[in-house]
Amino acid sequence: MTPPSKTPTAGAPPSRKSKSVGPAVVVGTALEFFDFYLYASMAALVFGPIFFPSENSAVSTLAAFSTFAVGFLVRPLGGIVFGILGDRIGRKAVLTCTLLLMGVATGCIGLIPSYEKIGIAAPILLVVFRLLQGFGAGAEFGSAVAMSYEHAASKSRGRQGAWPALGVNIGLLASSLAVTAVTSLSDDALHSWGWRVPFLVSFVLVGLGYWMRRSLPETPEFEQMAAAAQTRKKAQPLRNLLKNHWRGLTVVAVSTIGLNSISYIFKTFSLSYLAEFRDVAANVGAFGISLASAVAIVVVPLAGRLCDTAGTRRVMLIGAGGIAVLAFPFFWLLDADRPIYIWAALILTVGIVQPTLLAASGSFLAQQFPPEVRVSGLGAGREVSGAFAGGLAPLAALTMVTLSPTHSTWGVSVIFIAGALFIAGSALGDQYRDGTLRVGIDDLQARQEATVRGQ
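All values reported here derive from a predicted model rather than from experimental measurement.

Draft legend 1. Molecular detail of the overall build of the protein chain. On a plain count of helices and strands, the protein chain comes out with 22 helices and zero strands. Relative to its full complement of 455 residues, the protein chain shows a buried share of 56%. Working note: accessible area of the protein chain is about 18,100 Å², and carbon and sulfur atoms make up 66% of it.

Laid out in structure tokens, this is it:
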């Protein structure tokens, strides 16, 4: 007689071992996004003259931003490949691989000689390492969300689903402080060696992240699937996903288009706009991002708790409304050309509204899929649309402002409003799919458990 399985039940209170998941997810995701946002900032500030020298500084910056967009082109492939692996071999293995791939690629960027020294080989190497960054980043957030969400008790899935968002903002704070420090150097020091230092530090940070993540426990829901060996052999996550869960893919894709477009314009385009068109010192914008990300570290846990009390969809709608309200005032504050107003603009957007959306998106996106296709669904749905929005939105914003005779930002504000509509549409579309009130897969389970407890 086969003994009963001791695999933990999904949605059950986390074990003592599971409590180590939070720090490991936060630290690992922070290291991943330290690398990612560091590249974005340096593309906006220094990569143009170093790797794409031109008599027109705006042309150089556009070329550098193009390499930032290139990384997004390979993210869907990374999301799909690692997503399938995450649903077949486990969330832990994928999180370790993505950390190593992205961290090592970032460190290598700091070793690339300039165009002046090795010619065309310099931008080619930059693109190669950027592609490796993007491939690794393709599954990081989705895998971290699945890991956090599946280890959480039903009543705290909003809070714990926000762990990756907390890691994102810690990484953003670390990278923005690094950018603030190196941009405070003289121009000669910044362009010759200063910009390299944060990239080289990534070699050390990736070692720390690997040590943290190798001790991660696998999720109870994946262990339940792995226990059914025959089912695992026949599992085809991508086929199952496309055939049976295309509605969830649509919700994730629409939501991500809105989230990524506004996020990368706030965090990368704004730095370039201030430096190129407002003649504001680079360290002013970088310090503003630091202040905003410090505020976000406080906001994210609060938003996660709000998801557990008010509901993730309601929090998503509140965040989308905030983006729409700030679409034009954001640039009014930036155009004041005074640090206090610039910092206020960044705190309101990067520090409060956008982190609220990111925190809510963890549980919102995870509940669109059952465990057997969760990482595949998050990877494919989020990264395919994210490649389009996150890669092209900052480039489109910079192009519109560059081509405008008066450097008008009106078109960029319209992008903000469009992004807010995408986010709100995904939240409302998910709730009232097919004309009937719908609850997420795990929302239904949580309500059933609450009913049982009440009895």
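Draft legend 2. Spotlight on the confidence of the model for the protein chain. On average, the protein chain scores 83 in pLDDT, and the residues at 70 or more come to 87%. Looking over the protein chain, one finds the lowest element-wise mean pLDDT in helix H22 (residues 441-454), namely 45, and the highest in helix H18 (residues 329-334), namely 96. Scored below 50 in pLDDT, residues 1-13 makes 21 contacts in the model with residues more than four places away or belonging to other chains. This stretch, residues 432-455, has a pLDDT under 50; its non-local contacts, to residues over four places away or in other chains, come to 37 contacts.

Draft legend 3. Region of interest: empty space enclosed by the protein. Per the stated rule, a full pass over the model turns up two cavities of 30 Å³ or more. Every residue lining the largest cavity is counted, 15 residues in all, and those nearest its centre are Asn260, Ser263, Tyr264, Leu358 and Arg382. Elements supplying a minimum of two residues to the lining of the largest cavity: helix H1 (21-45), helix H15 (246-277) and helix H19 (339-366). Per-element accounting of the lining of the largest cavity gives the leading share, five residues, to H15. The residue inventory of the lining of the largest cavity, partitioned by class, reads eight nonpolar, five polar and two charged. Here the second largest cavity defines a volume of roughly 50 Å³. With four residues, helix H9 (residues 163-183) is the largest single contributor of residues to the lining of the second largest cavity. Across the lining of the second largest cavity, the residue classes break down as seven nonpolar, four polar and one charged.

Draft legend 4. View of the side chain of Ser202. Counting through the fold element by element, Ser202 comes out in helix H11 (residues 196-213). Among the polar contacts made by the side chain of Ser202, one reaches the side chain of Asp35 at a distance of 2.9 Å. Not counting the four nearest positions on each side in its chain, Ser202 is found in contact with Asp35, Gly103, Thr106 and Gly107.

Draft legend 5. Representation of unusual backbone geometry. One non-glycine residue with positive phi stands out, namely Asp279, at about 55°. On the secondary structure map, Asp279 appears in the loop between H15 and helix H16 (282-310). Notably, His407 is not glycine yet its phi reads approximately 55°, a positive angle. On the secondary structure map, His407 appears in the loop between helix H20 (374-403) and helix H21 (410-431). We classify His407 as partly exposed; its relative accessible area is 35%.

What counts as what
- Residues numbered from 1 in each chain as written.
- Predicted model: local features only at pLDDT ≥ 70, side-chain atom pairs only at ≥ 80, totals over all residues.
- Heavy atoms only, no water.
- Helix = DSSP H or I, 4+ residues; strand = E, 2+ residues; numbered from the N terminus.
- Buried < 20%, exposed > 50% of the residue type's maximum accessible area, 1.4 Å probe, protein only.
- Areas by Shrake-Rupley, 256 points an atom, 1.4 Å probe, with all protein chains shown as cover.
- pLDDT = per-residue confidence, 0-100.
- Contact = heavy atoms within 4.5 Å.
- 1 Å grid on protein atoms, 1.4 Å probe; cavity = no way out; pocket = protein on both sides within 12 Å on 5 of 7 lines; lining within 4 Å.
- Points joined across faces, edges and corners; volume = space filled by probe spheres on them.
- Nonpolar A, V, L, I, M, F, W, Y, C, P; charged D, E, K, R; others polar.
- Polar contact = N/O pair within 3.5 Å; in protein donor to acceptor, adjacent residues only side chain to side chain.

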